[in-house]
Amino acid sequence: MSLTRKQSALATTIYKKRRTDRHREKGCLIMPGLKAPSDYSQEPSRHPSLRINAKEPFNAEPPRKTLISSYVTPVDFFYKRNHGPIPIVDDIERYRVTICGLLENPKDISMADIRKLPKYDVAATLQCAGNRRTAMSKRKTVKGVGWDVSAIGNAIWGGAKLSDVLELVGIPKLTSSTPLGGKHVEFVSIDKCKEENGGPYKASIPLNQATNPESDVLLAYEMNGETLNRDHGYPLRAIVPGIIGARSVKWLDSVNISSEVCQGFFMQKDYKMFPPTVNWDNIDWSTRRPQMDFPVQCVICSLEDVDVVKHRKITISGYAVSGGGRGIERVDVSIDGGKTWLETTRYQKTGVPYIADDSSSDKWAWVFFEAVAEIPQSAEIVAKAVDIAANVQPENVDDIWNLRGILNTSWHRVHVRVGHSNM
Ligand SMILES: Nc1nc2c(c(=O)[nH]1)N[C@H]1C(S)=C(S)[C@@H](COP(=O)(O)O)O[C@H]1N2
Ligand SMILES: [Mo]
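Note that the coordinates shown come from a computational prediction; the quantities given were computed from them, not determined experimentally. (Residues numbered from 1 in each chain as written. Chains lettered and ligands numbered in written order. Predicted model: local features only at pLDDT ≥ 70, side-chain atom pairs only at ≥ 80, totals over all residues.)

The next thing to look at is the environment of Ala-389. Within the element layout of this structure, Ala-389 appears in the loop between strand 23 (378-387) and strand 24 (412-418). For the pair Ala-389 and Gln-127, spaced 262 residues apart in the sequence, the C-alpha separation amounts to 20 Å. (Helix = DSSP H or I, 4+ residues; strand = E, 2+ residues; numbered from the N terminus.)

This part covers the nonpolar core. Within the largest apolar cluster, 103 residues are counted, with the highest numbers of intra-cluster contacts made by Leu-219, Ala-320 and Ile-381. In terms of residues, this core owes the most to one element, strand 23, which gives six residues. The residues that make up this core include at least three from each of domain 1 (5-287) and domain 2 (297-418). For Leu-219, the contacting residues outside a window of four places in its chain are Ile-114, Gly-159, Ala-160, Leu-162, Val-165, Leu-236, Ala-238 and Leu-252. (Core = buried A, V, L, I, M, F, W, Y, C linked by C-beta atoms within 7 Å. Buried ≥ 20, exposed ≤ 12 C-beta atoms within 10 Å, placed from the backbone. Domains from an automatic or database assignment. Contact = placed C-beta atoms within 7 Å.)

Of all five residues in strand 11 (residues 202-206), four are buried, a share of seventy percent or more. Note: strand 10 (residues 184-188) against strand 11, five bridges, orientation antiparallel. Residue pairing across strands places Val-188 opposite Lys-202, the latter belonging to strand 11. (Pairing = 2+ DSSP bridges.)

In the numbering used here, UniProt assigns the feature "domain: Oxidoreductase molybdopterin-binding" (unreviewed entry) to residues 83-265. Secondary structure within residues 83-265 divides into 14% helix and 31% strand; the distance between the first and last C-alpha atoms comes to 12 Å. (UniProt positions renumbered as here; feature names shortened; annotations may be inferred.)

Moving on to the domain arrangement of the protein. Splitting the protein by domain gives domain 1 (5-287) and domain 2 (297-418). The C-alpha centroid of domain 2 is placed 29 Å from the C-alpha centroid of domain 1. Between domain 1 and domain 2, the residue contacts involve 37 residues of the former and 27 residues of the latter. Every element with two or more residues in the side of domain 1 that touches domain 2 is listed here: helix 2 (64-67), strand 8 (119-127) and helix 4 (133-139).

Taken together, four strands build an open sheet; the order of strands is 16-18-22-21 and the sheet is antiparallel. Either end of the sheet is taken by a strand with one partner, and the two such strands are strand 16 (297-300) and strand 21 (345-347). Pairwise comparison of adjacent strand axes, ignoring direction, gives a mean angle of 25 degrees for this sheet. Relative to strand 18 (residues 313-321), strand 16 runs antiparallel, the two sharing four bridges. Bridge assignment links Val-299 to a residue of strand 18, and that residue is Tyr-319. (Axes fitted to C-alpha atoms, helices over the stretch in contact; angles between N-to-C directions.)

In the UniProt entry, the feature "domain: Moybdenum cofactor oxidoreductase dimerisation" (unreviewed entry) is given for residues 290-418. Annotated as 0% helix and 42% strand, the span residues 290-418 places its first and last C-alpha atoms 44 Å apart.

Near ligand 1 you find 18 residues, and of these His-83, Cys-128, Ser-189, Tyr-201 and Gly-245 are the closest. The residue makeup of the shell around ligand 1, split by class, is eight nonpolar, six polar and four charged. (Near = placed C-beta within 6 Å. Nonpolar A, V, L, I, M, F, W, Y, C, P; charged D, E, K, R; others polar.)

The next subject is the sheet that holds strand 24. Read across the sheet, five strands follow the order 17-24-23-19-20 without closing on themselves; strand pairing throughout is mixed. Strands with a single pairing partner mark the edges of an open sheet, and in this sheet they are strand 17 (306-309) and strand 20 (342-343).

Further remarks concern the confidence of the model for the protein. Of all residues in the protein, 94% have pLDDT values of 70 or greater, and the mean over the chain is 94. The least confident element of the protein is helix 1 (residues 5-25), whose mean pLDDT is 65; the most confident is strand 14 (residues 237-239), at 99. Contacts for the low-pLDDT stretch residues 24-30, under 50 throughout, to residues beyond four places or in other chains number five contacts. (pLDDT = per-residue confidence, 0-100.)

Tracing the backbone shows Asp-148 in the loop between helix 4 and strand 9 (152-161). On the basis of neighbour counts, which here come to 19 C-beta atoms within 10 Å, the residue Asp-148 falls in the partly exposed class. Separated by 95 residues in the primary sequence, Asp-148 and Asn-53 place their C-alpha atoms 9.1 Å from one another. The residues touching Asp-148, leaving out its near neighbours within four places in the chain, are Glu-61, Arg-64 and Thr-134.

If you want it as structure tokens, here you go:
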């Protein structure tokens, strides 16, 4: 039997309603086993060293020096980016993720079903598109959470490949279109976001990325070898390596096969890159595509933006990362504001030389860089990275300024003086 697209959409609606009714009967609030509070009275506890940029919803980042103290970012120090109160699992046994939309047989999948699939551990760096927004705002005000340089972290995500999960509902590997015209995979959460008028956070990726095992898209239930915690998406989240963090949807409720790109707020009215000429009076959201890929980025983490050091000989170190799994070919630093440059050494795991694009390196993960230099009494120190496609970071923030303050990848500059710390 083959359904038309309309019939299948109808089937999904009926299926979802039946499911809801079923759970209402059991006295369940919204969804089996997982619920979304509408206030902030049941938030998890968080590490006191996090810098809080917004309390409700909770948005926080670690001090930059913490980032370079370990290649794999400890869960406590991993930035937390939310758009509503953190959902709660009240019964993991009853939790199901619904795979629905343009397919013949929608299915409710339990954690046991997910765990039965082969487990993959993927090292992937997640970066919020708003990372370094505060610095962009200094040029000219932008709208959004004021992130410094640590809205980024690198974790080992454990879970099933989405390509394997989709096979359970009859979508083969390397599919770009289903017989019913499905071309996108939409991840739908249950959190209540005010941007969605109290509706859930959602985002989509193309079906051919979702069904390609090489893209390493995961439905993850572990972070750094531990069960995912509430802040990071317990019980199940999408991890889409190589693209902006906004598409790695946490607390999955359903995975919806659709003909179109997700029409949610965060795909259509946010996380789009506009040219510097666009302002709040002339913005037309429909003119731009949702941002997916991440451009090349690097940040100095061993020094604050304005810092005082004791000795002339200093270590300049930080992270570099690019989108789409592109490795880092080079990171250059300058101690004279960008007039002359010095190449740094790069590494991921200690003792293993980093070779961009080599099977020995973690394709989706950041790279640390380090250089030792003798600086004059006062210096402007700059870092810029080059990825394997020879993409380079832009010199000035002015050239990439945009009203939402996303993707600030301009050369990272810090000002250092040799002296005593009381300035
Ligand atoms: N359900 C849901 N998923 C979400 C978000 C959210 O608010 N709700 N925020 C997104 C954004 S913008 C980012 S950058 C990452 C942050 O993931 P983290 O909090 O685990 O670091 O989650 C993404 N997934
Ligand atoms: Mo984000």
